[in-house]
Amino acid sequence: MDDEALQELHERREAALRLGGDAAVAAWHAQGRLTARERIDAFADRDSFQELGRIAGAGRYDAQGRYQGFTPSNSVMGRAAVDGRPLMVVADDFTIRGGSSEAAVAEKWIYAERMALDFRMPLVRFVDSAGGSVKLLAKAGRTKLPGYPLWPSTALMGAVPVASVAFGACAGLGAIRAVAAHFSVMVRDQAQVFAAGPPVVKQGLGIDVDKEALGGTELCTRLSGAILNAAADERDALAQVRRFLSYLPSHAWEAPARASVDDDPQRRDEALNGVIPANRRRIYAARPIAESIADRGSLFELAPDFGASLRTFLARLDGHAVGLMLNDPAVAGGALTRAAAQKMERFVDLCDSFHLPVVHLVDQPGVMIGPDAERAGTLLAAARAGAAIEQASVPWVSVVLRRAYGVGGSMLGPWSGPTGTALNHRFAWPSARWGSIPIEGGVAAAHRREIEAAADPQARRLELEAYYEQLGSPFRSAEAFGVVDIIEPAETRALLCRWVRDAVRLTQLQPAPKRRTQR
């Protein structure tokens, strides 16, 4: 082989390893940030990264066409492994043209995503992209219609787990790549995600705004829900992605694997018997209930700050991965807000896509009411969440802890499901109450005139509420088999651990991609 050609290959490879050069890397490190290659090394199993497309980029040649130097593409991608399982990872390199998507060799990162789809491997994106640049127009001498026709972004969402980390300011295409994932996390006080940055907003709308106000952690994880989780630093973000992937199969053609467990599936927690206050207007701490029921240390919360009246977790029961939803009465009374409904829809789609049985712990006063809720489109969001539940084919079990009222309270699980034969597997604690409307509000509406005409309106209202309270006993519903059983709270874990064994057998019989991808 031509020694000169081998020498050129080695020089190109070495240039790729240097990223944007020593000065650019040093400046990057001075900000306390890892380079694209360092992020991959910190994330993947040791020595597992096999780089692809290393010498994609822009070569420099003299007038006679002889090689003079090389600037690598500003994305690093290849095959790696996490906990021994193969996956594809693609990382933006900000040290070269700010990670600009327009400065990248698009075919390279698109190839990574197509390979993840074709080889049925999870895809992880490390996004740190300044978006497009008009300077590329001068270089190309033309413009183009936007879009990447070979990018299988929608198909990926129905086939393999997709996770993204926003490490810096992610605009335009970079923002979409951060958002279009089953799990997304951003580094607090370092990352921002927005359609366009402050200069474009200034020119387009005449508004002065900084990057943090436009797309910082508070906005993305609490207000818009564009990004699910926040991370304290870069290594925390990488650890969160590794943990997320640990609950999921490698692709939609297989069921999740069981993890080793050292927690007794028959474990009882007597404290659960007293966790629900007798006064239904009082709140209580919801998360400890989930912690008590799931395998110890197995809860991983998704979108903890967005739509927080609903808590969503990946968890384990007797080692089996499940999706767990829990209403939190400390936030909006646990009501189904617009944000909570959007969160529910997305979470149900995730669980259904990757065969995670769903556990629904219910204390639902209903769809959020009032002028603000109506303006926000809460009813439409609730209807979409209900559709997601009805389209889900994974096994589902619900336990009503306290309340299940109205439209929100009816969304305990699929009523018919895709086959029309879904089993609405429902249990309840003795503290549960349900109906089309809460008794207090229902009495005030239905008996308004009677109460107003009474000698003591308050006494009459309380008398009527006590009467209806007796009729609302869950034991009366259980007599008519309205629920499968009323259970002692302390035995909830044991019941769910028995259920999950049957549920997992079903998921193992039917793993295949669903007809629709995540919305």
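Residues numbered from 1 in each chain as written. Predicted model: local features only at pLDDT ≥ 70, side-chain atom pairs only at ≥ 80, totals over all residues. Heavy atoms only, no water.

## A short note on the overall build of the protein
Alright, step 1. When you go through the protein residue by residue, the secondary structure sums to 21 helices and 19 strands.
Alright, step 2. With the principal axes as the frame, the protein shows a C-alpha extent of 105 × 55 × 40 Å.
Alright, step 3. Each of the 519 residues in the protein was classed as buried or not, and the buried ones make up 52%.
Alright, step 4. With the model as given, the accessible surface of the protein reaches about 23,700 Å², and the carbon-plus-sulfur share is 54%.
Alright, step 5. Of note, the protein has its 61 positive side-chain charges centred 3 Å away from the centre of its 60 negative side-chain charges. (Helix = DSSP H or I, 4+ residues; strand = E, 2+ residues; numbered from the N terminus. Buried < 20%, exposed > 50% of the residue type's maximum accessible area, 1.4 Å probe, protein only. Areas by Shrake-Rupley, 256 points an atom, 1.4 Å probe, with all protein chains shown as cover. Lys, Arg positive; Asp, Glu negative; His and termini not counted. Charge placed at Lys NZ, Arg CZ, Asp CG, Glu CD.)

## As for the sheet that holds strand 1 (residues 50–52)
Alright, step 1. The mixed open sheet is built from seven strands, whose spatial order is 1-4-5-6-7-9-11. Each of the sheet's edge strands pairs with one partner strand only, and the pair in question is strand 1 and strand 11 (229–231). With direction set aside, neighbouring strand axes in the sheet form an average angle of 25°.
Alright, step 2. Here strand 1 pairs with strand 4 (residues 75–82) via three bridges, running antiparallel. Note that in strand 4 the partner of Gln50 across the bridge is Arg79.
Alright, step 3. Sitting on the sheet, helix 3 (residues 36–43) is in contact with strand 1, strand 4, strand 5 (85–92) and strand 6 (123–127), with an inclination near 160° to strand 5.
Alright, step 4. Those strands touched by helix 11 (residues 234–246) are strand 4, strand 5, strand 6, strand 7 (162–166), strand 9 (183–187) and strand 11, and its axis lies near 170° from that of strand 9. (Pairing = 2+ DSSP bridges. Axes fitted to C-alpha atoms, helices over the stretch in contact; angles between N-to-C directions. Contact = heavy atoms within 4.5 Å.)

## A word on the packing of aromatic side chains
Alright, step 1. Per the counting criterion, the structure on display carries nine aromatic pairs.
Alright, step 2. Ring plane angle 85° and centroid distance 5.4 Å describe the contact between Phe43 and Phe126, whose orientation is recorded as edge-to-face. Here Phe43, found in helix 3, pairs with Phe126, found in strand 6; they are 83 residues apart in sequence, far enough to count as distant. Accessibility classification places Phe43 together with Phe126 in one group, the buried group.
Alright, step 3. Taken together, a centroid distance of 5.3 Å and an interplanar angle of 85° make the contact between Trp109 and Trp151 edge-to-face. (Phe/Tyr/Trp six-rings, centres within 6.5 Å; stacked < 30°, edge-to-face > 60°.)

## Re the nonpolar core
Alright, step 1. Among the nonpolar cores identified, the biggest contains 60 residues, and Phe43, Phe126, Phe183, Val241, Phe244 and Met344 are the most heavily contacted of them.
Alright, step 2. Broken down by element, this core gets its largest block of residues, eight residues, from helix 13 (residues 338–353).
Alright, step 3. Each residue touching Phe126, except ones within four places of it in the same chain, is listed here: Arg39, Ile40, Phe43, Val89, Val90, Ala91, Asp92, Val165, Phe167 and Leu238.
Alright, step 4. Among the nonpolar cores identified, the runner-up in size contains 30 residues, and Ile289, Val359, Ile487 and Ala503 belong to it. (Core = buried A, V, L, I, M, F, W, Y, C linked by side-chain atoms within 4.5 Å.)

## Structural notes on the pattern of salt bridges
Alright, step 1. Inspection of the entire model under this criterion finds 33 salt bridges.
Alright, step 2. The salt bridge involving Asp208 is made with Lys202; its shortest N-O contact spans 3.2 Å.
Alright, step 3. In this structure, Glu452 and Arg448 form a salt bridge, with 3.8 Å as the shortest nitrogen-oxygen distance. Here Arg448 and Glu452 lie together in helix 18 (residues 448–453), a separation of four residues that amounts to about one turn.
Alright, step 4. Several salt bridges share partner residues, and in doing so they unite Asp263, Arg267, Asp295, Arg296 and Arg493 into one network. (Salt bridge = Lys/Arg side-chain N within 4 Å of Asp/Glu carboxyl O.)

## Focus: the pairing of strand 14 (residues 320–327)
Alright, step 1. Extensive coverage of strand 14 is indicated by the burial of eight of its eight residues.
Alright, step 2. Because side chains alternate across strand 14, one face comprises the buried residues His320, Val322, Leu324 and Leu326, and the other comprises Ala321, Gly323, Met325 and Asn327, equally buried.
Alright, step 3. As judged from the eight bridges shared by strand 13 (residues 310–317) and strand 14, these two strands associate in the antiparallel manner. Its bridge partner lying in strand 14, Arg316 is registered against Ala321.
Alright, step 4. Linkage of strand 13 to strand 14, two consecutive antiparallel strands, is achieved through a turn of two residues, within which Asp318 is found at a positive phi near 50°.
Alright, step 5. Sheet analysis places strand 14 next to strand 15 (residues 358–364), joined by four bridges and oriented parallel. By the bridge assignment for strand 15, Leu324 is matched with Val359.
Alright, step 6. In this region the chain leaves strand 14, passes through helix 13 and returns to the parallel neighbour strand 15; the handedness of that crossover is right-handed. (Right-handed = clockwise from strand over helix to strand, strands pointing away.)

## A look at unusual backbone geometry
Peptide bonds are trans in most cases, and residues, glycine excluded, mostly fall at negative phi.
Alright, step 1. Its identity as a non-glycine residue notwithstanding, Asp47 has a phi of 60°, on the positive side.
Alright, step 2. By relative accessible area, Asp47 is classed as exposed at 76%.
Alright, step 3. Phi at Ala332 is positive, roughly 55°, even though this residue is not glycine.
Alright, step 4. Along the chain, the position of Ala332 falls in the loop between strand 14 and helix 13.

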